[in-house]
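Fold and geometry: a report
These are the residues of each chain, in order.
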Amino acid sequence: MATRTAQLTALFQDAGALGPKHWRARLARHRLEKWAARLIQQVRDGELQPTQESALHIIATWRDLDGELLTPRVAAVELLNVLRPTVAVSVFIVQAAHALHRHPEWRRKLKDDEGQLEPFVQEVRRLYPFFPAVTARVKSAFEWRGYHFPEGCRVLLDLYGTNTDPRSWDAPLEFRPDRFRDRAENPYDFIPQGGGDHYTNHRCPGEWIAISQMKAFCRYLVNEIDYDVPDQNLKLDTGQLPPLPKTRFTLRNIKRRNGS
């Protein structure tokens, strides 16, 4: 478990780095794909029997429109497309804990009103960057608002800049979850996990799952346990991707509410 956790974490923690860390991320992906492909084959051979509701079983037994199973490599990639983002949400969870500590009034609000959870989580996703930008290459040359994008040109989508653009957000650098209570949805000014539509554009199809994970952990932190936050450097290290406190977020004296 420790090995797979380190490898999955490297896929999002080191992918944007230069030099050895980047190569470590590429090596981790290669090893994970081989591991996942072995799991897929073991399910098909009957050596492993995961529950039918599990991602492993569904992907291993999925058939395309021609009735063919996915190749082991493609199935392995699809399995990692479930595991990697599930683990990556841990970043948003650390950031949510950070926000609860920095804004303790929201701890009280979340205890008293379940309806406050979604605005709180959305504001964490808006103001705390996971990746500040994403990059791509132009496949076909085009013009957009007077700008020419030649084929092969590398372009950046400024995720954090869009989420904190004063043309779209009032007091954009202030933590104000209430802004999401009656906000009309817009797929182009709130893009922590990509912009546009989930079905036709490059927006994370598991975005609502990430939101559900964050809400579940916020409920746990607020309602299920008590803990102390010792003195530590909680400044976000923006020189790293994704930005987290250098000490991560250390808790002590953790106790369940029932006293155990």
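Cut-offs used in this document
- Residues numbered from 1 in each chain as written.
- Predicted model: local features only at pLDDT ≥ 70, side-chain atom pairs only at ≥ 80, totals over all residues.
- Heavy atoms only, no water.
- Axes fitted to C-alpha atoms, helices over the stretch in contact; angles between N-to-C directions.
- Helix = DSSP H or I, 4+ residues; strand = E, 2+ residues; numbered from the N terminus.
- Parallel < 35°, antiparallel > 145°, perpendicular 65-115°, else oblique.
- Contact = heavy atoms within 4.5 Å.
- Nonpolar A, V, L, I, M, F, W, Y, C, P; charged D, E, K, R; others polar.
- Core = buried A, V, L, I, M, F, W, Y, C linked by side-chain atoms within 4.5 Å.
- Buried < 20%, exposed > 50% of the residue type's maximum accessible area, 1.4 Å probe, protein only.

1. Concerning the packing of helix α4 (residues 72-102) against helix α6 (residues 117-127)
The geometry of α4 relative to α6 is characterised by a closest axis approach of 10 Å and an angle of 110 degrees between their N-to-C directions. In terms of orientation, α4 and α6 fall into the roughly perpendicular class. Note on element contacts: α6 touches α4 through Phe-120, Val-124 and Arg-125, opposite Phe-92, Gln-95, Ala-96, Ala-99 and Leu-100. Its residues assigned to classes, the contact of α4 with α6 comprises 6 nonpolar, 1 polar and 1 charged.

2. What to know about the nonpolar core
Core analysis: the biggest nonpolar cluster contains 31 residues, and Leu-110, Phe-120, Val-124 and Phe-175 have the highest contact counts within it. Of all the elements, α4 adds the most residues to this core, at 9 residues. Discounting chain neighbours no more than four positions away, the residues touching Phe-120 are Ala-96, Ala-99, Leu-100, Trp-106, Leu-110, Phe-175, Pro-177 and Cys-218. By size, the runner-up hydrophobic cluster in this structure holds 18 residues, among which are Leu-8, Leu-11, Leu-56 and Leu-79.

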